[in-house]
Amino acid sequence: MGDSRDFGMTSIRSRGEPPTALVITHVRGLLLRGKLRPGQQLPPERELARRIGVSRPSVRAGLRSLAAKGLLVTRHGAGTFVAAGPPMLDSEPLSLLAALHGFTRAEMFEARRTLEVGVAELAAARAVGDALAAVADAVTGMFASVDDPQTFLVHDIRFHRAVAAASGNPILASLVEMVSALFYEQRRRTAQRARHLKATADMHHQIYQAIRGRDSARARQLMHEHLERAEQEQEQESEAGA
């Protein structure tokens, strides 16, 4: 990794903008200007915090958000890297619609079930090699972060995106990416109150096993059950915070 000056970092703290948003804006700017390339490692959190003028927890939250959007990948013990895969679609239009019309939780999960149940079925029929490994890696990340709900959420999102990619249908995969980015922004507000993360990880592992075992019917059934249960659990989290 080169000198931090290569990244064009200067303190950019401005009035009114939330610290986490500053981090997201800053890193996205580096990506758009070509200062960060696919596969390249980001500077350490403490360096980003100093250059942007925010706290390390704010840096961590901003990087988590970008990882959930598929722009970054965090490797335990190694650091945070720019994702080497294809770019994710911008979910801003969908986010704007959500802000204007106030998508309900029921609408969000109805859309997810409509998309992801079929996607799981396709993944079980088609997933091979790296695509299957990406699903397995996301499951491993979930089990490793059962004591950290926010990090667990990022791995949860990665799992669903990996299953979508494994379906072999780039249109469906892109739609799941857009919906999951919006879901992440809504879900992270209540994720800290999440319970039963071990059980959730177990359910994802069962879906992975069905996909690996080429059992399309079981993958479809398990994904449907998982999303129904997830909707109920998120409702409980919201009620607990009311």
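Above this text you will find the structure in question.
Just so you know, these numbers come straight off a predicted model, no measurement behind them. (Residues numbered from 1 in each chain as written. Predicted model: local features only at pLDDT ≥ 70, side-chain atom pairs only at ≥ 80, totals over all residues. Heavy atoms only, no water.)

A. Summary view of the overall build of the protein. Of regular secondary structure, the protein possesses ten helices and two strands. Counting helices and strands in the order they occur from the N terminus, the protein gives α-α-α-β-β-α-α-α-α-α-α-α. Sorting the 242 residues of the protein into buried and exposed places 45% on the buried side. Excluding contacts between residues fewer than 6 apart, the proportion of contacts in the protein whose partners are at least 24 apart in sequence is 74%. With the model as given, the accessible surface of the protein reaches about 12500 Å², and the carbon-plus-sulfur share is 52%. (Helix = DSSP H or I, 4+ residues; strand = E, 2+ residues; numbered from the N terminus. Buried < 20%, exposed > 50% of the residue type's maximum accessible area, 1.4 Å probe, protein only. Contact = heavy atoms within 4.5 Å. Areas by Shrake-Rupley, 256 points an atom, 1.4 Å probe, with all protein chains shown as cover.)

B. Fine view of helix H6 (residues 129-144). Given a rise of 1.5 Å per residue, 16 residues ought to cover 22 Å, and the 23 Å separating the end C-alpha atoms of H6 matches this to within 8%. Looking at H6, one finds that the buried residues are Leu132, Val135, Ala136, Ala138, Val139, Gly141 and Met142. Lining the buried residues of H6 we find helix H7 (149-166) and helix H9 (197-212). (Expected span 1.5 Å × (residues − 1).)

C. Structural view of empty space enclosed by the protein. On inspection of all chains with the given rule, the structure shows one cavity of 30 Å³ or more. Considering the residues around the largest cavity, the lining is formed by 21 residues, among which Asp156, Arg187, Thr200, Ala230 and Glu233 are closest to the centre. Of all elements in the fold, only helix H5 (105-126), H7, helix H8 (170-187), H9 and helix H10 (216-240) reach the threshold of two or more residues within the lining of the largest cavity. Of the residues forming the lining of the largest cavity, the biggest block, six residues, is contributed by H10. Here the residues of the lining of the largest cavity sort into ten nonpolar, four polar and seven charged. (1 Å grid on protein atoms, 1.4 Å probe; cavity = no way out; pocket = protein on both sides within 12 Å on 5 of 7 lines; lining within 4 Å. Points joined across faces, edges and corners; volume = space filled by probe spheres on them. Nonpolar A, V, L, I, M, F, W, Y, C, P; charged D, E, K, R; others polar.)

D. Examining the packing of aromatic side chains more closely. With the rule as written, the count across this model stands at one aromatic pair. Residues Phe109 and Phe183 carry aromatic rings whose centres are separated by 5.6 Å and whose planes lie at 85° to one another, so their mutual orientation is edge-to-face. Here the residue Phe109 occupies a position in helix H5, and Phe183 occupies one in helix H8, the gap between them amounting to 74 residues. The class for Phe109 is buried, based on a relative accessible area of 1%. (Phe/Tyr/Trp six-rings, centres within 6.5 Å; stacked < 30°, edge-to-face > 60°.)

E. Region of interest: the pattern of salt bridges. Enumeration according to the criterion identifies eight salt bridges in this entry. As a salt-bridge pair, Arg50 and Glu47 come within 3.0 Å of each other at their nearest N and O atoms. One end of the pair is Arg50 and the other is Glu47, both in helix H2 (residues 45-52) and three residues apart, which spans about a single turn. For Glu231, the salt bridge is made with Arg113, and the minimal N-O distance between the two is 2.9 Å. A residue pair is termed long-range when its members are at least 10 positions apart, and Glu231 in helix H10 and Arg113 in helix H5 qualify at 118 residues. (Salt bridge = Lys/Arg side-chain N within 4 Å of Asp/Glu carboxyl O.)

F. Spotlight on the side chain of Glu231. According to the relative accessible area criterion, Glu231 is buried, its value standing at 19%. What Glu231 contacts, discounting residues up to four positions off in sequence, is Arg105, Ala106, Phe109 and Arg113.

G. Just unusual backbone geometry, in detail. Positive phi values are uncommon outside glycine, yet His196 reaches one of about 60°. Relative accessible area serves as the criterion here: at 54%, His196 is assigned to the exposed category. The phi angle at Arg214 is positive, at roughly 65°, despite the residue not being glycine. Tracing the sequence through the fold places Arg214 in the loop between H9 and H10.

H. Just helix H3 (residues 56-68), in detail. The end-to-end C-alpha distance of H3 is 18 Å, a good match for the 18 Å that 13 residues give at a rise of 1.5 Å each. Buried residues of H3: Ser58, Val59, Gly62, Leu63, Arg64, Ser65, Leu66, Ala67 and Ala68, and no others. Count one or two residues on from H3 and you reach Gly70, which has phi positive near 85°.

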